[in-house]
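Observations on the three-dimensional arrangement
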Amino acid sequence: MREIDRTQPVTLAGAGLVGSLMAMFLARRGFQVEVLERRPDMRRETVEAGRSINLAISTRGLHALRQVGLEEEARRHAIPMRGRMIHPLSGELTLQPYGKDDSQHINSISRAWLNKFLMTHAEATGRVRIRFKQRIQHVDFESGLLAVHDDASGATREERAPVLLGADGSGSAVRQEMMKLPGHSSTQELLSHGYKELTIPAGPGGTFRMEKHALHIWPRGSFMLIALPNEDGSFTCTLFLPFEGPVSFATLDSPGKLTAFFTEQFPDALELIPELTHDFFKNPTGSMVTVKSTPWHVGSRALVLGDAAHAIVPFFGQGMNCGFEDCVVLDGLLARHSRWEEAFSEFFRARKPNADAIADMAVENFIEMRDSTASPRFLLEKQVEKLLLNAFPGQFLSRYTLVSFSRVPYRLAYEVGSIAGSIVTELTGGISRAEDVDLERAARLVRERLAPFLEEHADGFRTEG
Ligand code: FAD
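Worth saying up front: this structure is predicted, and the values here are computed from it rather than measured.

The rules behind the values
- Residues numbered from 1 in each chain as written.
- Predicted model: local features only at pLDDT ≥ 70, side-chain atom pairs only at ≥ 80, totals over all residues.
- Heavy atoms only, no water.
- Helix = DSSP H or I, 4+ residues; strand = E, 2+ residues; numbered from the N terminus.
- Rg over C-alpha atoms; globule rule 2.2 N^0.38 Å.
- Buried < 20%, exposed > 50% of the residue type's maximum accessible area, 1.4 Å probe, protein only.
- Domains from an automatic or database assignment.
- Buried area = accessible area lost by both parts, 1.4 Å probe.
- Salt bridge = Lys/Arg side-chain N within 4 Å of Asp/Glu carboxyl O.
- Polar contact = N/O pair within 3.5 Å; in protein donor to acceptor, adjacent residues only side chain to side chain.
- Nonpolar A, V, L, I, M, F, W, Y, C, P; charged D, E, K, R; others polar.
- Pairing = 2+ DSSP bridges.
- Contact = heavy atoms within 4.5 Å.
- Axes fitted to C-alpha atoms, helices over the stretch in contact; angles between N-to-C directions.
- Near = heavy atom within 4 Å.
- Areas by Shrake-Rupley, 256 points an atom, 1.4 Å probe, with all protein chains shown as cover.

A few points about the overall build of the chain
Tallying secondary structure elements over the chain gives 15 helices and 19 strands in all. Over its C-alpha trace the chain gives a radius of gyration of 23 Å, about what one expects of a compact globule, namely 23 Å for 465 residues. The principal-axis extent of the C-alpha atoms belonging to the chain is close to 65 × 60 × 40 Å. Evaluated residue by residue, the chain yields a buried proportion of 55% over its 465 residues.

Concerning unusual backbone geometry
For the bond running from Thr294 to Pro295, omega is -20°, close enough to zero to count as cis. You can see Pro295 is positioned in the loop between β17 (286–294) and β18 (297–298). Phi is positive for Lys133, close to 60°, though the residue is something other than glycine. As for its position among the elements, Lys133 is in the loop between β8 (128–131) and β9 (134–140).

So, the domain arrangement of the chain
Taken as a whole, the chain is organised into domain 1 (10–80 + 108–187 + 289–367), domain 2 (189–287) and domain 3 (375–462). The C-alpha-based centres of domain 1 and domain 2 are spaced at 29 Å. With both chains or domains summed, domain 1 and domain 2 bury close to 1,500 Å², and 63% of this area falls on carbon and sulfur atoms. The three residues of domain 1 that bury the most area against domain 2 are Asn54, Ile79 and Phe366, which together make up 35% of that side's buried surface. In this assembly, domain 1 and domain 2 are joined by zero salt bridges. Here domain 1 and domain 2 share seven residue pairs in polar contact (both at pLDDT 80 or more) between them. Mapped onto the side of domain 1 that touches domain 2, the elements with two or more residues apiece are β3 (54–57), β4 (79–81) and β17. Sorting elements by how many residues they give to the side of domain 1 that touches domain 2 places β3 first, with three residues. Taken together, the residues that form the side of domain 1 that touches domain 2 break down as 10 nonpolar, six polar and two charged.

Describing the sheet that holds strand β19 (residues 302–304)
Read from one edge to the other, the open sheet built from six strands follows the order β8-β2-β1-β12-β19-β18, with strand pairing classed as mixed. Where the open sheet ends on each side, the last strands, each with one partner, are β8 and β18. Pairing analysis gives three bridges linking strand β1 (residues 10–13) to strand β12 (residues 164–166), with the strands arranged parallel. Of the residues in β12, the one forming a bridge with Leu12 is Leu165. Each of β1, β12, β18 and β19 touches helix α11 (residues 340–370); the most contacted strand, β19, lies at about 20° to it.

Details of the pattern of salt bridges
A complete count under the given rule lists 31 salt bridges for this structure. Of the charged contacts, one joins Arg39 and Glu37 as a salt bridge, the two residues approaching to 3.5 Å between their closest N and O atoms. Grouping residues by exposure puts Arg39 and Glu37 together as buried. Residue Arg351 is joined to Glu325 by a salt bridge in which the shortest nitrogen-to-oxygen separation is 3.1 Å. Of this pair, Arg351 sits in helix α11 while Glu325 is found in helix α10 (residues 319–336), placing the two residues 26 residues apart along the sequence. For the pair formed by Arg351 and Glu325, the shared burial category is buried.

Overview of the site of the ligand
For the ligand, the set of nearby residues contains 30 residues, the closest of which are Glu37, Arg39, Ala56, Arg111 and Asp307. Note that an oxygen atom of the ligand is positioned 3.3 Å from one of the backbone N or O atoms of Leu17. In isolation the ligand offers 1,000 Å² of accessible surface; the protein chains occlude 93% of this area. Within the residue set of the shell around the ligand, elements represented by two or more residues are α1 (17–28), β3, β9 and α10. Here the shell around the ligand is built from residues that sort into 11 nonpolar, 11 polar and eight charged.

What follows is the structure, given as C-alpha cells:
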C-alpha cells in the first residue's frame, strides 16, 4: 500500500464547488494540487456556472467553509431564509419556519460567486494550479495515466496522475471509468421531472418584490414553482414540471399555453416575471439524477467525492452541503492515516450510508414540497413539531433540523426523523390548533420512543469530520 507522500502532487478532476474546496483543504495539508477543469475560467469568460443560479447553504456547508477560514465572507454574500413562504392557489400566504426560531435558517447564495470565490482562495494558497478547458476523457488506474483533451487546442495528451480525486460532478468521467472495473457498480435514476429557471427582477432601487428572508414555494401537487432571493434584489425561480404528460414541458409548447398555465396556476408570480416567455423558451430544461455507486475508490490510486460519487436530487438543498462535508471528512482522514488506500476506504465506509440516506430523504422531500406543504394538516404538523422542539430541547429532534442545522450523520437524521415524525402525527390527530397538543403525552412519547434511540446511538451523534 502506498504511503501518503506530500511531495507527490495530487490531481483533482473538476474545479466545481467541491473540487475547489477540496483543493484548499489539500493545500493546507501541504500537498501540491493540479486541478483539471473542463470549462473555461468563469472569472474571465462568461460561462454557465452550470445548474442552478443560486443554492441554499446550511450548517454542514458553512462548517466546511469555516475550516478553511471562508465562512464569514461567504455569509456576507448569503441571504438568510427563515422559512418556506407558501403561495396557495387562493388565500393567504403562510410562512412555515424552518427551525425552532429565527436563528435556525438556511441561506441563499450565488453558485457562480461561490465557485469563483473558492477557486480564487484555492489558488491563493500558492499550492493549487487550476488548468481550464482540460477535459478528462480516460483513466488508466493501473498505470496512473490520464487521457486529457485540451478544449482550447483540440489536442489530446497523456498526463501522469499517481493520485486522482474525481470531483467532476454527476456525470463524472472518473466514476464512469471506475465502473468499468470488476467489483464496481453504479445506478443512475433520472427523475421524471425537469426544471426551468426564470427570473423575478429586483424592484426599484434593488428592492425585493416578495419577502426577502424566505424560500418561496407554490406547491401544486404534481408540479411546483420555487424562488430563492439574490443579493441584487432579484429572485431566481425554478419551475419543476414532469417532462411528459398532460401538464408537462412537452405540452407547454407555445407562449399562449405557457401564459395560460401561469395565469391559472401562479397568478401572483406571473405578475412579477416580465420575461416569462423569453426565459422559458430560451433557458435549457435541466434534468435531475440520483447516482448511487460502490465503491468510490480504486486502491490507493483514485477516489470520487461530491456529486461524482453521490449526486442527489435538489429538494433538501443538500447536494453541495453533503459534498462540502465530504471534504471535511476526507481532510480529517488524511490527517489520521499514513496510506492513501486506508484513507480512501475509510472515507467510503463512513460516507456511503450517509450519502444513501440523504439521497432518499431528498426524493421524499420532493413529495413533501410539491404536495404536502399545501395541506392544512401538514402546516399543523409543522407547528406541533416547532412546539416540541422548543418544549423538549435536545430531547425532541426533527429530521429537517438535524439535516439542515446540525452535522449529525444523515443516516441518523433519517432514522430519528422517522421516529419524530410518527410522534408528531400521533399528537396531531384529533386537534386543530398546535396549542392544544397534549404535552404530558408528548413527554411520554419522547421518553419512550426517542430517548432510547438517542441513547443507543449517542456515539453516532458525535459528528463526522
Ligand atoms: P459540480 O458542481 O457539478 O462540479 C463538477 C465540475 O467538474 C464542473 O466544474 C465541471 O465542469 C467539471 N468537470 C466535469 N467533467 C469533467 C471532466 N471530464 N474533466 C474535467 N472537469 C470536468 N445543493 C445544495 O447544497 N443546496 C441547494 O440549494 C442546491 N440546489 C440545487 C438546485 C439544482 C437545480 C440542482 C441541479 C442542484 C442543486 N444542488 C444544491 C446540488 C449541487 O448543485 C451539487 O451537489 C454541487 O454542485 C456538487 O458539486 P460538485 O463540485 O461535486 O459538482
